[in-house]
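Descriptive analysis of the structure
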Amino acid sequence: MATPFLAGLALAAAALAGRYGVQAWQAFKARPPKPRIRKFYEGGFQPTMTKREAALILGIRENATADKVKEAHRRVMVANHPDAGGSHYLASKINEAKDVMLGKTRGNESPF
């Protein structure tokens, strides 16, 4: 007599678990899409480098201090130096970005 009772109890538990699983799946599918986080700036370089573009290249804020600019320039340049397999074009743009951020040039000094 206990066997049919246990079988019914197991069937009820399986039905409740299945119902919960279906509800959880529907809630998962209905959730709003997560916005994609862009790690990199999409687009090419401006004809004349702006302070905003220079800050994006170096990965700092537009109002960063000179020490932060130099630190960021060093970090980015180590990763992209031509002697370490980097591009001469990118190295010139990184140097130009540093000069623009430090106020040494008007922003169109790239030889490329």
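Refer to the preceding data block for the structure.
Below is a summary of the structure that appears in this document. (Residues numbered from 1 in each chain as written. Predicted model: local features only at pLDDT ≥ 70, side-chain atom pairs only at ≥ 80, totals over all residues. Heavy atoms only, no water.)

Here's the deal with the overall build of the chain
Where we set the bar: Strands are runs of DSSP state E lasting at least 2 residues, helices are runs of H or I lasting at least 4, and numbering of each runs from the N terminus. Note on classification: 1.4 Å probe, protein chains only; a residue is buried when its accessible area is under 20% of the maximum for its type, exposed when over 50%, partly exposed between these limits. Contact criterion: two residues are considered in contact whenever any of their non-hydrogen atoms come within 4.5 Å of each other. Surface accessibility in these figures is a Shrake-Rupley result with a 1.4 Å probe; residues are shielded only by whichever protein chains are displayed.
A tally of helices and strands in the chain yields 4 helices and 0 strands. Secondary structure elements of the chain occur, N-terminal to C-terminal, as α-α-α-α. Scored against the burial criterion, the 112 residues of the chain give a buried share of 19%. A separation threshold of at least 6 residues defines the contact pool for the chain, and within that pool the share at least 24 residues apart is 46%. Taken as a whole, the chain presents about 9,100 Å² of accessible surface, with 58% of it coming from carbon and sulfur.

Considerations on the packing of aromatic side chains
Counted only if it meets this: Only Phe, Tyr and Trp rings take part, Trp by its six-membered ring, and two of them pair if their centres are within 6.5 Å. Stacked means planes under 30 degrees apart, edge-to-face means over 60, and tilted covers everything else. Two limits define a charge over a ring: the Lys NZ or Arg CZ must be within 6 Å of the ring centre, and within 35 degrees of the ring normal.
Counting across every chain of the model gives 1 aromatic pair. Sitting over the ring of Phe28, Arg31 keeps its end group 4.1 Å from the ring centre.

Thoughts on the nonpolar core
Inclusion rule: What is meant by a nonpolar core is a set of buried Ala, Val, Leu, Ile, Met, Phe, Trp, Tyr and Cys residues, joined one to another through side-chain atoms within 4.5 Å.
Ala54, Leu58, Ile60 and Met101 are the most contacted members of the largest nonpolar core, which has 14 residues in total. Every element with two or more residues in this core is listed here: helix H2 (51-58), helix H3 (66-80) and helix H4 (88-102). Take this core: its biggest share by element is 5 residues, from H4. Among residues more than four places away in sequence, those in contact with Ala54 are Met49, Ala97, Val100 and Met101.

Concerning the side chain of Lys98
Quick reminder of the rule: Here Asp and Glu are counted as negative and Lys and Arg as positive; His is not counted, and neither are the chain ends. Between Lys or Arg on one side and Asp or Glu on the other, a salt bridge is scored when a side-chain nitrogen of the former is within 4 Å of a carboxyl oxygen of the latter.
Of note, Lys98 is situated in helix H4. Buried charged residue Lys98 carries no salt bridge. Nearest counter-charge: Asp99, at 4.6 Å. Those residues within four positions of Lys98 in sequence are excluded, and the remaining contacts are Leu58, Val69 and His73.

Re a nonpolar patch on the surface
Note the threshold: Exposure above 30% relative accessible area and the absence of a salt bridge qualify a residue for a patch, where like charges join within 9 Å and nonpolar side chains (Val, Leu, Ile, Met, Phe, Trp, Tyr) within 5 Å.
Judged by side-chain polarity, Phe5, Leu6 and Leu9 come together as a nonpolar surface patch covering roughly 350 Å² of accessible area. Looking at the secondary structure, you find Leu6 in helix H1 (residues 2-30).

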